Each structure stands twice: as structure tokens, then as C-alpha cells.
Amino acid sequence: MADSTEVRELVYLVTGGCGFLGEHVVRMLLQREPRLLELRVFDLHLGAWLEELKTGPVQVTAIQGDVTQAHEVAAAVAGAHVVIHTAGLVDVFGRASPETIYEVNVQGTKNVIEACVQTGTRFLVYTSSMEVVGPNIKGHHFYRGNEDTPYEAVHRHPYPCSKAQAERLVLEANGRKVHGGLPLVTCALRPTGIYGEGHQIMRDFYHQGLRLGGRLFRTIPASVEHGRVYVGNVAWMHVLVARELQQRAALMGGQVYFCYDQSPYKSYEDFNMEFLGPCGLRLVETRPLVPYWLLMLLAALNALLQWLLRPLLLYAPLLNPYTLAVANTAFTVNTDKARRHFGYEPLFSWEDSRTRTIRWVQAMEGSAR
Ligand SMILES: NC(=O)c1ccc[n+]([C@@H]2O[C@H](COP(=O)([O-])OP(=O)(O)OC[C@H]3O[C@@H](n4cnc5c(N)ncnc54)[C@H](O)[C@@H]3O)[C@@H](O)[C@H]2O)c1
Ligand SMILES: CC(C)CCC[C@@H](C)[C@H]1CC[C@H]2[C@@H]3[C@H](O)C=C4C[C@@H](O)CC[C@]4(C)[C@H]3CC[C@]12C
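Since this is a predicted model, take the numbers as computed values, not measurements.

Trainee: Even after reading the chapter, I still don't get the overall build of the protein chain, so can you show me in this structure?
Mentor: Helix and strand counts for the protein chain stand at twelve helices and 13 strands. Computed over its C-alpha atoms, the radius of gyration of the protein chain comes to 21 Å, within 12% of the 21 Å expected for a compact globule of 369 residues. Its C-alpha atoms give the protein chain principal-axis dimensions of about 60 × 40 × 40 Å. Residues counted as buried form 53% of the 369 residues belonging to the protein chain. Across the protein chain, every contact between residues at least 6 apart in sequence was considered, and the portion connecting residues at least 24 apart equals 79%. Within the structure as shown, the protein chain displays about 16,300 Å² of accessible surface, and the carbon and sulfur contribution to it stands at 54%. If the 35 positive side-chain charges of the protein chain are averaged to one point and the 35 negative ones to another, these points end up 3 Å apart.

Following this line, the structure appears as C-alpha cells:
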């Protein structure tokens, strides 16, 4: 909470501040960063909700801009003390071309780093992803691992490849001299699958369930654990890391941290049912209805259809070979690195996270109840 004894003097910039995670980071900063003087929210598409934030004690500056445009980024970064770079193209469904994904995720990150160097901004927090590690193309399971767990991180899909490249750039930039001669301090946060208010894929599953008469059909065995973390806790971790990076540069600079909380280890679908169940949906079958080989075939067919139809229309269903492989490979984390390095404790308990997410699903139009 804002402490009235603290002096407001810091300027923060959040790129992608109108996205699913970005909005939570913006709101969390306003609630929990008492030294904030100005908050710049940079995004390709600005949300109307920003207007309501402009009446508080912090100056909220909305900047419509594109991270792929170096001059726009430099103008937004100039004078900021801290940059939280969450902007990214999150696409595992083939909606955008690989070139566009690289342009936004890699070139956009380069632009942010160079802007910090040129303008003298010293602290950069990058929103990376668990996908930088895995699941890899071999489908190796990563079972309750931590930041030091050996794992063959080999990818082919543009999204994880671009996130891995961008993360590397951010970490390599740690220690570079910025304008004025002081060193840049960077670190990267790697959320697992984020859920919570505003989660588009949860929305999609909910509406799919409604279309199917209140049912969803199991596709992945319940035993395949999938890492999930509540958006409020991911946002809180960003706020904390940005604050502590300024005090503990030697320890935290150049480090990566998985984002974690007390969300239970479950399969992707069973986890979603924690929220969709109380909203009237049910998951049919204790075992997958369709055999895995058939799912693979359907996924390959979807990929083929996407390619064939591309000149005419965008066909981008949830099921494709990549999403199937990710959903069917266990990837969960068990770590306390963030607690050890900067005192992170989740702000929201599992019960809170669950209740908040259920309320949000219930508030969606056409609740199944
Ligand atoms: N959603 C997840 O489960 C998840 C998990 C791990 C990491 N992440 C990472 O978290 C970050 C935020 O993801 P999200 O789920 O909130 O996605 P999102 O799509 O909701 O938000 C991304 C934001 O970036 C903005 N953006 C995209 N291209 C831009 C550009 N060229 N210039 C400026 N802004 C641009 C979008 O307009 C959007 O507001 C991403 O970097 C993503 O890789 C997400
Ligand atoms: C039809 C089914 C077989 C598959 C449906 C689920 C599928 C769309 C889900 C499963 C796992 C999801 C990914 C996972 O939660 C983690 C991330 C990391 C993040 O950086 C971006 C989103 C992503 C890739 C999720 C996308 C949706 C996935 C693949």
C-alpha cells in the first residue's frame, strides 16, 4: 500500500501495459509502489480503462506506440528510472507470421535495451516465459524444476525461439554502460501459464463449453501437470523485482526467476475446471475421449488447413501440433529463488486467486448457470 512518508520521485514505463498481464502490472504499481511519481503506459492499443487511473496522485501517461519503432521507444523511455518490458506478441496459434513475431519480440526488445542505454535508464525488467526453457521439441517433461534444473531447451516454434532470443539479449545487456556512465541492471521473469481476470484462452474455453451445452471434453490425461500462476502474483512479482533491483543490483542483475505461487499442480484442463466448474461447466470423461494419435492427426490437419486457407482467410484453432505438444508435456516449477533473492511471497493465496478468477468468469455474459 502507498506509504504517505515516501517521496514520490520515480518514473516507470510499462510496455505492453494494456495487455492481460500489463494491465495488472499497471494497477499493481499504482497500488503498491509508493515512490511512483509518473507511470508511462506504452502500448500499440491503449485501453479506455486508463482514463479512470488519471485522477489519482500518480501521473499516468498513456503512450500509443510500437516497440518495433526505435524512435517511439526511445521517446517513451527517456527520463524513466525503470522499464518493465511486457509487450510481446503471444502467438502459438499461427495468427501472425514468424517474421512479425520476431520483429515484435526480438527487435522490440533490442529497441528497449538500446533506448535504456542511449537515454540513461538503469533498470530493466523483462517479462520472459517458461517457454524459453520448455517444453522442448522432444517433449521432455520438466517436473517441478527450478532455475538450475538441467533441461535441453531446444525449440523450433517462433514464439519460444523469439522469447529465448529476447531474454538472452536482456541478460547480456546487464552491466552495459548507459548514458551517464552507470551500469544497466536487467533481469527476466519467466511466468508459467498465467491465468486470472482477463485471460483470453480461459474466455475461449468458457464459450466453447457453453456452445457444447455446458460440457468440455478431456483431451489430455489428468496426470500431465502444467504450471500455472495467478496474474495478480505475476504482476506483484514484477513490482517487487523492479523495486528490489534498485537495491540489490549485484545479486539480481542478469538473473532469471520463474514466476510461481501456490496454485496447485494439475493438468491444463483440470486446472481450468477449478474456475469453469463453479460457473456451470463440466469436464466429461476421466480419460481422454479421443486417442492421442487421433489428436495428433487432427492437429496436423489443422496445420495443413491453416496453410492452405492462408491466402483466403485466417484459420487458427486452439489445436495445432505445437499447442498439443505443450499441453501434453508436463512442465511445472518448484523454486524459491525469488523469495531468497528479493523476498517475494505471493500476494494472493490460491483461494483468493481462485475466487477472483471465478468471479470474473461468472461476470462474463451468458453464464451457464
Ligand atoms: N499469457 C501467458 O500465459 C504468458 C506466460 C508467460 C509469459 N508471458 C509474456 O507476458 C507478456 C504479456 O503477455 P500477455 O499474456 O499479457 O499478452 P497480451 O497480448 O495480452 O499483451 C501483450 C501486450 O503487448 C502489446 N503489444 C503487442 N505488440 C506490440 C508492439 N509492437 N508495440 C507495443 N505494444 C505491443 C499488445 O497490444 C498487448 O497489449 C508477453 O511478453 C508474454 O510473452 C505470457
Ligand atoms: C486443444 C488442446 C489439446 C490444447 C489446448 C490448450 C492449449 C491452447 C494451451 C495449453 C498450454 C498453454 C500454454 C502454456 O500455458 C504456457 C504458455 C506460455 C506463454 O508464454 C504463452 C502462452 C502459452 C504458450 C500457453 C498457450 C496455450 C496453451 C498451449
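Trainee: I would appreciate a short explanation of the nonpolar core in the present structure.
Mentor: Among soluble globular proteins, nonpolar side chains are generally buried collectively. Ranked by size, the top nonpolar core spans 70 residues in total, and within it Tyr 12, Leu 29, Leu 39, Ile 84, Leu 276, Phe 342 and Val 361 carry the most contacts. The element best represented in this core is helix α6 (residues 231–245), accounting for ten residues.

Trainee: I tried to follow the site of ligand 2 on my own but got confused; where do I start?
Mentor: Neighbouring ligand 2 are 18 residues, the closest being Ser 129, Glu 131, Tyr 159, Gly 193 and His 226. Between His 226 and ligand 2, the recorded distance is 3.2 Å, taken from a side-chain N or O atom to an oxygen atom. For the shell around ligand 2, the secondary-structure elements that each account for two or more residues are α5 (200–211) and α10 (321–327). Split by residue class, the shell around ligand 2 holds twelve nonpolar, five polar and one charged.

Trainee: Where do I start with the environment of Leu 276 in this structure?
Mentor: Mapped onto the elements of the fold, Leu 276 is located in helix α8 (residues 268–276). Assessed through its relative accessible area of 0%, Leu 276 is described here as buried. If we ignore the near neighbours within four places in the chain, the residues touching Leu 276 are Met 202, Phe 205, Tyr 206, Leu 216, Leu 281 and Val 361.

Trainee: I keep staring at a nonpolar patch on the surface and nothing clicks. Help me out?
Mentor: Taken together, the side chains of Leu 298, Leu 301, Leu 304, Leu 305, Trp 307 and Leu 308 make up a nonpolar region of the molecular surface, amounting to roughly 590 Å² of accessible area. Following the sequence through the fold, Leu 308 ends up in helix α9 (residues 292–309). On the accessibility criterion, Leu 308 (49% relative accessible area) is partly exposed.

Trainee: What exactly am I supposed to notice about the packing of α5 against α8 here?
Mentor: For any two helices packed against each other, the geometry comes down to the angle between their axes and how far apart the axes lie. Axis separation between α5 and α8 bottoms out at 11 Å; the angle between their running directions is 80 degrees. With respect to each other, α5 and α8 are oriented roughly perpendicular. Contacts between α5 and α8 involve Ile 201, Met 202, Phe 205 and Tyr 206 on the former and, on the latter, Tyr 268, Asn 272, Phe 275 and Leu 276. Grouping the amino acids of the contact of α5 with α8 by side-chain chemistry returns seven nonpolar, one polar and no charged.

What counts and how
- Residues numbered from 1 in each chain as written.
- Chains lettered and ligands numbered in written order.
- Predicted model: local features only at pLDDT ≥ 70, side-chain atom pairs only at ≥ 80, totals over all residues.
- Heavy atoms only, no water.
- Helix = DSSP H or I, 4+ residues; strand = E, 2+ residues; numbered from the N terminus.
- Rg over C-alpha atoms; globule rule 2.2 N^0.38 Å.
- Buried < 20%, exposed > 50% of the residue type's maximum accessible area, 1.4 Å probe, protein only.
- Contact = heavy atoms within 4.5 Å.
- Areas by Shrake-Rupley, 256 points an atom, 1.4 Å probe, with all protein chains shown as cover.
- Lys, Arg positive; Asp, Glu negative; His and termini not counted.
- Charge placed at Lys NZ, Arg CZ, Asp CG, Glu CD.
- Core = buried A, V, L, I, M, F, W, Y, C linked by side-chain atoms within 4.5 Å.
- Near = heavy atom within 4 Å.
- Polar contact = N/O pair within 3.5 Å; in protein donor to acceptor, adjacent residues only side chain to side chain.
- Nonpolar A, V, L, I, M, F, W, Y, C, P; charged D, E, K, R; others polar.
- Patch = residues over 30% accessible without salt bridge, like charges linked within 9 Å, V, L, I, M, F, W, Y side chains within 5 Å.
- Salt bridge = Lys/Arg side-chain N within 4 Å of Asp/Glu carboxyl O.
- Axes fitted to C-alpha atoms, helices over the stretch in contact; angles between N-to-C directions.
- Parallel < 35°, antiparallel > 145°, perpendicular 65-115°, else oblique.

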